[in-house]
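Working through the structure, step by step
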Amino acid sequence: MNPLLRAVLRLFAAPRIDMGRDYEKVRKVQRGLAARPVPRYHFLDTQIQAETGSHTIPVRVFEPRTRTREDVLLFFHGGGWVTGDIESYTPACAHLAEATGCVVASVDYRLAPEHPFPAGLEDCVRVAGLLLAEPDRAGVADASRIVLMGDSAGGNLVAVVSQVLAERGVPTARRQILLYPVTHWNHDPASSPFASVREHGEDYRLTNTEIDEYLELYAPDPATRRTPRVAPLEAPAAELAGQPDTLLISAELDLLCDEGEAYGRALRAAGNRVRIHRVPGALHGFITLPTFASALRESYRVINEFLDGGEAGDSPAGAGDTALDAEPREGTP
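A brief look at the structure comes next. (Residues numbered from 1 in each chain as written. Predicted model: local features only at pLDDT ≥ 70, side-chain atom pairs only at ≥ 80, totals over all residues. Heavy atoms only, no water.)

1. Observations regarding the pairing of strand β3 (residues 72-76)
- Within β3, five of the five residues are buried, which leaves it mostly tucked inside the rest of the structure.
- Going residue by residue along β3, you find V72, L74 and F76 tucked away on one face and L73 and F75 tucked away on the opposite face as well.
- Sheet topology places β3 next to strand β4 (residues 103-107); five bridges connect them, and they run parallel. When the sheet's bridge partners are listed, L73 is paired in β4 with V104.
- Handedness of the crossover is the feature at issue here: the chain leaves β3, passes through helix α3 (residues 90-100), returns alongside β4, and the resulting connection is right-handed.
- The sheet contact formed by β3 and strand β5 (residues 146-151) spans five bridges and is parallel. Counted as the bridge partner of L73 is V147 from β5. (Buried < 20%, exposed > 50% of the residue type's maximum accessible area, 1.4 Å probe, protein only. Helix = DSSP H or I, 4+ residues; strand = E, 2+ residues; numbered from the N terminus. Pairing = 2+ DSSP bridges. Right-handed = clockwise from strand over helix to strand, strands pointing away.)

Quick look at the structure:
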């Protein structure tokens, strides 16, 4: 990338905050930003009872102005399992519904540190499992129309939910979309197996320190962080068989770039259909950018191709695409 452009992008690096102390302030800022005007949209707020009956799980359903697909995108938001909610992700989900012509159902799972692992995961498993077993609850006759989707920590939750449902032997999604997901536990530049952790962990949108703080709040036990329920890339190859057809979209300037793509390759090696697409010049978190952002427009294009049943495989070079999964970069497994 042009050195001048890199310098400009560094201006948008995440502020150096103490997430363990300031997560409530971050939540407040996110909700404030989400209050910006968005296109007119229709939505319905509903709730799903937790399996234990201890609480309800809010779900906000967005209806596009013109529905062109029968699919329902069951969306798990990002925010490091600590920030983000259906309010702060309302603009992104409203735009997603319009861009895809799909109904989008955004899940307001419980957040750490008030509700550490596995609380948020349990909420996501509950909602996904219920809708896949009873798709009429999502307004579709066939569970194959329910597509799991999430970004960052939400992408992590999608991956883990799919693993959990397959392990239980219950209906699983046929398709999943993972946007720059967290799939590994080690983001220390000195010991991480991923080059992107060293190359992009200090300069851009998400930092090494920030992701470590999120993980500590979400899973306080260090041993738990290394399990597949927090780091899905740690799942044995045999347990990755029978996973949904997968679209994995990574961001070139994201420290999570390599680990996300590594998870895509692991799914493929286990016999699953996978498409990996890296968005050039993109920062972590671009799903929340304004719709004119080139990274978001490109992602919508690739998502629509996937929803239309495009062949699994990596994006070809040229025409704005970046060929991926040719060879892992040095330092990746």
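Further notes follow.
2. Thoughts on unusual backbone geometry
- The step from A112 to P113 runs through a cis peptide bond, and the omega angle for that step is 5°.
- Tracing the sequence through the fold places P113 in the loop between β4 and α4 (119-133).
- For the bond running from F117 to P118, omega is 10°, close enough to zero to count as cis.
- Of note, the phi angle at W81 is positive, near 65°, even though the residue is not glycine.
- Take W81: it is sitting in the loop between β3 and α3.
- Residue W81 is classed as buried on the basis of its relative accessible area of 1%.
- One non-glycine residue with positive phi stands out, namely S152, at about 60°.
- Topologically, S152 is positioned in the loop between β5 and α5 (153-168).
- S152 gets classed as buried once you look at its relative accessible area, which sits at 7%.

Read these as geometric descriptors, not functional statements.
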